[in-house]
Amino acid sequence: MIVLEKALSKLYPEIDMVTTPTGKPVAMVHSNNCTSELNAWIGLFREFTHVIGVEVDQSKLFELLYQKALEGDADCGELLAYNYLSGEHITHFEEGRPLFVRKPESRFTLSNFIRMHLFSALGALKIGLDILF
């Protein structure tokens, strides 16, 4: 959300207009899909820790995996994910279909996998922010 200093130059369907309690115009970008798919994968890793008999606090697991993502390649090893569990108005998708794909030669590592999901979680939101700015 950004409090506007001046009106937007035109109508943008991806941006919602609201106001502050004092009536100042605010441009708001939101996306329907953010961390839900990432959370599902973290849940899978947590289930694996249970299977091997290791108890890891969920917050600690997120911390460890997010730190691991910092080691990933800038291009996420050429891994690709669409984390749409539901439709996404910013990118004009009516329904969700979570998808993870890679090429045979992609660098499929834990660090690239988590990094890719972090980037994907923020992808639609970034498109909206790019429009706003």
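Here the residue numbers are simple positions, counted from 1 along each chain's written sequence. Totals for whole chains, interfaces and linings use all residues, but because this is a predicted model, local features are given only for residues with pLDDT of at least 70 and pairs of side-chain atoms are given and counted only at 80 or more. To obtain the side-chain values, all non-hydrogen atoms of the structure were included, while hydrogens and water were left out.

Participant: How do you make sense of the packing of aromatic side chains when you look at a structure like this?
Facilitator: Each aromatic ring pair is described using two quantities: the centre-to-centre distance and the angle formed by the ring planes. What counts as a ring pair is set by centres within 6.5 Å for rings of Phe, Tyr and Trp (its six-membered ring), and what kind of pair is set by the plane angle: stacked under 30 degrees, edge-to-face over 60, tilted for all other angles. Within this structure, the stated rule accounts for eight aromatic pairs. Among the aromatic residues, ring-to-ring pairing joins Trp41, Phe45, Phe100, Phe108 and Phe113 into one connected group.

Participant: What's the story with the pairing of strand 3 (residues 25-28) in this structure? I'm lost.
Facilitator: Consecutive side chains of a regular strand alternate in pointing toward one face of the sheet and then the other. The sheet contact formed by strand 1 (residues 2-3) and strand 3 spans two bridges and is antiparallel. Bridge pairing links Ile2 to Ala27 in strand 3. Relative to strand 3, strand 2 (residues 16-19) is paired through four bridges, and the arrangement is antiparallel. What sits directly across from Thr19, in strand 3, is Pro25. Being paired, for any two strands, means DSSP has found at least two bridges between them. To qualify as a helix, a DSSP run of H or I must reach at least 4 residues; to qualify as a strand, a run of E must reach at least 2; elements of each kind are numbered from the N terminus. In this antiparallel pair of consecutive strands, strand 2 and strand 3, the connection spans five residues, and Gly23 shows a positive phi of 95°.

Participant: Help me understand the pattern of salt bridges, please; the structure alone is not making it clear to me.
Facilitator: Pairing is possible between side chains that carry opposite charge, provided their charged atoms lie close to one another. Whenever a carboxyl oxygen of Asp or Glu lies within 4 Å of a side-chain nitrogen of Lys or Arg, that contact is scored as a salt bridge. According to the stated counting rule, one finds eight salt bridges in the structure shown. In this structure, Glu78 and Lys103 form a salt bridge, with 3.1 Å as the shortest nitrogen-oxygen distance. A residue pair is termed long-range when its members are at least 10 positions apart, and Glu78 in the loop between helix 2 (58-69) and strand 4 (79-82) and Lys103 in the loop between strand 5 (99-102) and helix 3 (110-132) qualify at 25 residues. Burial classes follow relative accessibility: with a 1.4 Å probe on protein chains only, a residue under 20% of its type's maximum area counts as buried, one over 50% as exposed, and anything between as partly exposed. Overall, the relative accessible area of 38% leaves Lys103 in the partly exposed class. A single network of salt bridges, built from pairs that share partners, joins Asp73, Asp75 and Arg107.

Participant: I would appreciate a short explanation of the state of the cysteines in the present structure.
Facilitator: As used here, a disulfide is simply a covalent bond connecting the sulfur atoms of two cysteines. Cysteine sulfur atoms that come within 2.5 Å of each other are treated as a disulfide pair. In total, this model carries zero disulfides according to the counting rule given. With no disulfide partner, Cys34 has as its closest neighbouring cysteine sulfur the one in Cys76, 15 Å distant. What makes Cys34 partly exposed here is its relative accessible area of 28%. Looking at Cys76, the relative accessible area reads 5%, which means it is buried.

Participant: How do you make sense of a nonpolar patch on the surface when you look at a structure like this?
Facilitator: Where nonpolar side chains cluster on the molecular surface, the patch consists of Phe48, Val51, Ile52 and Val54 and spans about 390 Å² of accessible area. Mapped onto the elements, Phe48 comes out in helix 1 (residues 36-51). Patch definition: residues with relative accessible area over 30% and no salt bridge; like charges joined within 9 Å; nonpolar side chains (Val, Leu, Ile, Met, Phe, Trp, Tyr) joined within 5 Å. Methods summary: accessible areas were calculated by the Shrake-Rupley approach with a probe of 1.4 Å, and residue burial reflects only the protein chains presented.

Participant: Any chance you could explain the packing of helix 1 against helix 3 here in plain terms?
Facilitator: For any two helices packed against each other, the geometry is given by the interaxial angle and the distance between the axes. With their axes 9 Å apart at the nearest point, helix 1 and helix 3 run at an angle of 150° to one another. In terms of their interaxial angle, helix 1 and helix 3 are classed as roughly antiparallel. For the crossing formed where helix 1 meets helix 3, the hand is left-handed. For the pair helix 1 and helix 3, the contacting residues are Glu37, Leu38, Trp41, Ile42 and Phe45 in the first and Leu110, Phe113, Ile114, His117 and Leu118 in the second. Gly is put with the polar residues, along with every residue not named as nonpolar or charged; the nonpolar set is Ala, Val, Leu, Ile, Met, Phe, Trp, Tyr, Cys and Pro, and the charged set is Asp, Glu, Lys and Arg. In terms of residue class, the contact of helix 1 with helix 3 is built from eight nonpolar, one polar and one charged. Whenever a helix is involved, its axis is fitted only over the stretch in contact; in every case the axis is a line through C-alpha atoms, and angles between N-to-C directions fall within 0 to 180 degrees. Roughly parallel means an angle under 35 degrees; roughly antiparallel, over 145; roughly perpendicular, 65 to 115; everything else is oblique. A clockwise turn of the near helix away from the far one marks a right-handed crossing, whereas an anticlockwise turn of less than a right angle marks a left-handed crossing. In this analysis, two residues are considered to be in contact whenever any of their non-hydrogen atoms come within 4.5 Å of each other.

Participant: When you look at the side chain of Ser111 in this model, what are you seeing that I'm missing?
Facilitator: One can find Ser111 in helix 3. On the basis of relative accessible area, Ser111 is assigned to the buried category, the value being 8%. With sequence-adjacent residues up to four places away left out, Ser111 is seen in contact with Lys68, Ala69, Glu71 and Gly72.

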